[in-house]
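A structural walkthrough
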Amino acid sequence: MASVSYQISNLLEKMMSSDKDFRFMATNDLMTELQKDSIKLDDDSERKVVKMLLRLLEDKNGEVQNLAVKCLGPLVNKVKEYQVETIVDSLCTNMVSDKEQLRDISSIGLKTVISELPLASSQLAGNVCKRITGRLSTAIAKQEDVSVQLEALDILADLLSRFGALLVNFHSTILENLLPQLASPRQAVRKRTIVALGLLVMSCHPTLYTKLMMVMQEELDKNTSISTTRTYIQCVAAICRQAGHRFGEYVEQMVPLIVKYSREDDDELREYCLQAFEAFVQRCPKEVSPHIPTIVTLCLEYITYDPNYNYEEEPDYDDSAMETEDEDGGDEDGEEEYSDDDDMSWKVRRAAAKCLEAVISTKRELLPDLYTDVSPALISRFKEREENVKSDIFHAYMALLRQTRRIQSVTVEPDGMDAEEGPITLLQNQVPTIVKAVHKQMREKSIKTRQDCLTLLRELVVVLPGCLASHIPALVPGILFSLGDKNSSSNMKIDTLSFISCLVASHEPTVFHQHIPALLPPVIAAVRDGFYKITAEALLVLQQLVQVVRPMDRHCNFDFKPFTAELYECTLQRLRAADIDQEVKERAISCMGQIICNLGDYLQAELPTCLPIILDRLRNEITRLTTVKALTKVAGSPLHINLQPVLVDAMPILGSFLRKNQRALKLATLTLLDVLVRSYNKVMHQSQLTAVIVELPPLLSESDLHIAQLTLTLLTSVAQTLPLALGNIGSEILPEILVLVKSPLLQGAALASMLDFFQALVQANLPGLGFCELVMLLRQPVLTDQMASSLHKQALHSLAKCVAAIALIVPGEAQNVPMQLASDTKLGGTNQERIFNMYTIGEIGRHKDLSGIPQVSEALLSAFSSVTEEVKSVAAYSLGSVASGNLNHYLGTIMNEMKAKPRKEYLLLHSLKEMISYQASTAAGRLALQPHVPTIWQYLYEYRECAEEGTRNVVAECLGKLTLIDPDTLMPHLRESLASESAHMRTIAVTAIKFTISDQPQAIDPLLRQHMGQFLAALKDLDPNVRRVALVAFNSAAHNKPSLVRDLLDETLPQLYEETKVKKELIREVEMGPFKHTVDDGLDIRKAAFECMYTLLDSCMDRLDVFAFLDHVQNGLKDHYDIKMLTYLMVARLSQLCPSAVLQRLVHLVEPLKKTCTTKVKANSVKQEFEKQDELKRSAMRAVAALLSIPTADKNPHLAEFVTIIKTTPELLTIFESIQKDSSMASGGQDSPTMMDLS
């Protein structure tokens, strides 16, 4: 401490020097000291430093003054509160001084202090802010010196922006002092007053807000002068922009007034009116809805408002270069002739375009109307003469295309109800008009205009791929114009190349063939360009054009030979260069790979030059991954390129890549090796594979099943083509495979590749790896007693599938294996062995008719009597699987057993379900099952009144799967069941419908679309269980096939919302000994309803009234634990999807969140209660973090207060900081942390 004081004293002494350099250096050293976290000042040093810095603010040297001001920032965090107050008092006094320089430096000082005041210490900030505010308010009110007023308004705006909530007591005074300034004769004073008022309304009390809005209304009614009316309209727009969540209730009064003023003959006033409408539309989308037609009409009128220019005199030239140049010249002359400094009409047109963009961005539900009314008007204005206005018109149209893209992603099904005259169809009809308007603009001198044209066309082909096929001839001249050196900047060239890339990717190759001679030369010139970004983009385009000139996946008559040499030469030049940018290197490798893949048969002489370079790039750590991918293309080419010269060197290198700790490289290398083995096995010696195979065992691990799957695929290819290369498989690779096959995680594609491998291995006839040896290896883990107890059910199933796979491929074994297994009626000595044997029989029986072995069905049926539930369920599964092999035989067996043994009906129904599910999954299976459907249906109907809910659910699933097989006959039966008096029957019918809905197109879809409304009418059913299953079916439809429910939402949403309410009649008390326990029978229904609501957010957002939706989310925030967890997720999702609506309801959302986070669990509660409360808090905090991500949400006083509580509570702060850290990491990935899978 003493040394710091001594050091500071020395500096202060030097600051007193008469030499300005001494003073400057000493002040600079002081700033360095103050910026250190470790510095601690004693009271005396604090006082001296503060006194000295305030004195230096009046220094004669400007540089010293500036440094002194900078020192104030770190100083306010190092000195005690009363010293900060001394600084602030002094600065405020100096700010109203007569000396202009002192005033300026003091105002900078105040701004520095305000920006550095710690947010965490609200007491210090509060006291300092109150001191500043009092002095500023006086300075603003006096109106003596305009420059003082302007500075004071600036500082007040900074204060309100950072600490508005702390100044609540001063808000009234601030408002009283600000309002008169709106009528100030100085325009600058008015503008800064508007900014300050906008920041004030974000945190002021509702009564004060009402007072301000009443003043605005009165002044607009008075219309004292056009000048002040402009100011008040600007102020209304600013208030709405900053606090739109409060402005909603005033929209009704304000819109007619502003519509009236927009008709005045004053361009500036019109501009401000349109800007106000833009703010209303963006911040109060619900309240402004009734006025949208009026606003759109005004915008359409004013977007063409150009009194000083006559567009109709413009000649409509064809697209020849000379004529376009004349047209451009004419345009320029016109601008010179009509351009007038007083012409403000362009500002009106720009405001109209921006307002239309706001309408388009917020009113997705109006898309069909917007395409009918607004789209043609915008297209006709692409000819706008003012560059900035033209850009805004383009952006408005791009917003329309982006909204259409979102609609398109929601309604995927082409046969949707609204496809007839939907936005997509309307846009399709307007494409020729768009191209006609845009292709003229693509030859403009203005680079900004051309970039906008390309961006718009790119958006268009994203929404409608292939829509420009017939318009390519009109667009090519404009593209070539922008690729020329005379007319373009580097960015313009990059944008043009990027557009070509997008265009080629979204259209058929044939549409470009006639333009290849014109397109290729400028693209090749761009590849040779000196700027690396242009080269990289051009190589990407070149790679796509190679696929256009000679597509490999279809027959093509285009003569590509004249272009082959030039394509190769320009790419080789870039491939050879070692001293170029990384991106160019990678693109050159990819492009060369594509050229050899598509044109290699015409480049035989060049391959000896080119392939060694590629091999060299394979050795390079930086380029190896790209090279592996390029070689995969070449190796997989149908032209059978000769890679023999590089194969010998490449294989050991590829083998070494499998050791690298780079997952993407491993995946790419395994894919390449598989292609090489399949395509080049005739020229490949088995010894070449040794270096690769030795690296494979560590890759066969459950820790990365994708790599394991590709490794198994590679081994399968080797076993099929070069089996002798697998000489040591028994000692090195098979042990790893047998460990992997026992993993409970092995399923899906990895399991399928495992089965393929075993089939290839048994066919390879390697010594010691015949059928019997492999079966023994696979059975060994099951038969070994100490191992058996640790095997998971999934592992047993995987082992059984492997045995079945090899039994099915070896002649005769498909009959022998089941016969041997079923010969023991107990099917084995242990439960594990029984389960394994039954799975094996089931998997074989699925593909082979086992009806000739009567012991099979006997053994499986006897297992139904086992005391172990697991054995019984596997027996049911296996019987169903075996039944798929011979429906005629086994269906009768299952049905007879059900009649004879009613106690076994649940298990036998599971067998039936398994058989139906498997048959329904393939076309051949559906055909085979078709004759038996009526019998099964009739039989299942007998179980509709079964008392067991589990049995009824299995029956419903069977009925649903059967309906998929014969929808026309069976759907009417399900519809009739909806009218049944039995609640059980109605439940079965609705549940059955759930099983007919999948995310893939199916034959039943038109029928579902036609009758979905009848099934969802079950939401009104009197029985709560029927309503619950109806909600589950609704959720399934919304998740898998939204088009089924989109047009029914108007009728179903009120019923859905009704089910989110707590119903007292479903709550009952249960006595448990001396205690009374409350049971809520409606909880499951409410949970299903909220799950449905969450699903609708992703699939049908454009059809929801967000505010009605939010009402029910608010209620859910106060409900049961499970429902709270769901609604927290919804709050986070809504914060992303519709932030402005959430802002308007922030008060109602914050309160329940705050209550959850501040609730304490009773000290004597069980451990689970503490864990549940912690999980609730964590989820609530995630919702708070999502709310804070909304721009300006942190200015809301309720949320700001809650955040202060979090930051001052150590327990909450720890959770909150960990969540913010998690979300910042997750934002780098693709998946949103708020996404929830409810399928």
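Look up: the structure comes first, before these words.
Digging into the pairing of strand β2 (residues 1075–1080)
Alignment of strand β1 (residues 1067–1072) against β2, held across six bridges, turns out to be antiparallel. Within β2, the position partnered with Glu 1069 by the bridge is Thr 1078. Counting the residues between successive antiparallel strands, the hairpin from β1 to β2 contains two residues, one of them, Gly 1073, with a positive phi of roughly 65°.

Some details on the packing of helix α25 (residues 516–527) against helix α26 (residues 532–549)
The geometry of α25 relative to α26 is characterised by a closest axis approach of 8 Å and an angle of 150° between their N-to-C directions. Classified by the interaxial angle, the pair formed by α25 and α26 is roughly antiparallel. Crossing of α25 against α26: the hand is left-handed. Across the interface between the two elements, Ile 516, Leu 520, Val 523, Ile 524, Ala 526 and Val 527 from α25 touch Ile 534, Thr 535, Ala 538, Leu 539, Val 541, Leu 542, Leu 545, Val 548 and Val 549 from α26.

Some words on the pattern of salt bridges
Counted according to the given criterion, the structure contains 48 salt bridges. Across the salt bridge formed by Lys 222 and Glu 219, the nearest N and O atoms sit 3.5 Å from each other. Highlighted residues: Lys 222 and Glu 219, both in helix α11 (residues 206–222), separated by three residues, approximately one helical turn. A salt bridge links Asp 306 to Arg 385; the shortest N-O distance between them is 2.8 Å. Residue Asp 306 is found in the loop between α16 (292–302) and α17 (321–338), and its partner Arg 385 is found in the loop between α19 (367–380) and α20 (387–410); the two are separated by 79 residues along the sequence. The buried category is assigned to Asp 306, whose relative accessible area is 7%. A cluster of three or more residues bridged by salt bridges with shared partners is formed by Asp 306, Arg 349, Arg 381, Glu 384 and Arg 385.

Regarding the packing of aromatic side chains
When we look at a pair of aromatic rings, we describe it by the centre distance and by the angle of the planes. Taken as a whole and assessed by the stated rule, the structure comprises 13 aromatic pairs. Arranged with centres 5.8 Å apart and planes meeting at 85°, the rings of Phe 382 and Tyr 397 form a pair that is edge-to-face. Highlighted residues: Phe 382 in the loop between α19 and α20 and Tyr 397 in helix α20, separated in sequence by 15 residues. Pair check on accessibility: Phe 382 and Tyr 397 agree, each one buried. Arranged with centres 6.4 Å apart and planes meeting at 80°, the rings of Tyr 1057 and Phe 1109 form a pair that is edge-to-face. Placement of the pair is Tyr 1057 in helix α54 (residues 1049–1058) and Phe 1109 in helix α56 (residues 1106–1116), with a sequence separation of 52 residues.

Here we look at unusual backbone geometry
A positive phi angle, close to 50°, is found at His 640, a residue other than glycine. One can find His 640 in the loop between α30 (624–635) and α31 (644–657). With a relative accessible area of 64%, His 640 lands in the exposed category. The backbone of Asn 765 shows a phi angle near 55°, a positive value even though the residue is not glycine. By the secondary structure assignment, Asn 765 is in the loop between α36 (748–764) and α37 (771–783). Residue classification places Asn 765 among the exposed residues on the basis of a relative accessible area of 61%.

Rules and cut-offs
- Residues numbered from 1 in each chain as written.
- Predicted model: local features only at pLDDT ≥ 70, side-chain atom pairs only at ≥ 80, totals over all residues.
- Heavy atoms only, no water.
- Pairing = 2+ DSSP bridges.
- Helix = DSSP H or I, 4+ residues; strand = E, 2+ residues; numbered from the N terminus.
- Axes fitted to C-alpha atoms, helices over the stretch in contact; angles between N-to-C directions.
- Parallel < 35°, antiparallel > 145°, perpendicular 65-115°, else oblique.
- Left-handed = near helix turned anticlockwise from the far one by under 90°.
- Contact = heavy atoms within 4.5 Å.
- Salt bridge = Lys/Arg side-chain N within 4 Å of Asp/Glu carboxyl O.
- Buried < 20%, exposed > 50% of the residue type's maximum accessible area, 1.4 Å probe, protein only.
- Phe/Tyr/Trp six-rings, centres within 6.5 Å; stacked < 30°, edge-to-face > 60°.

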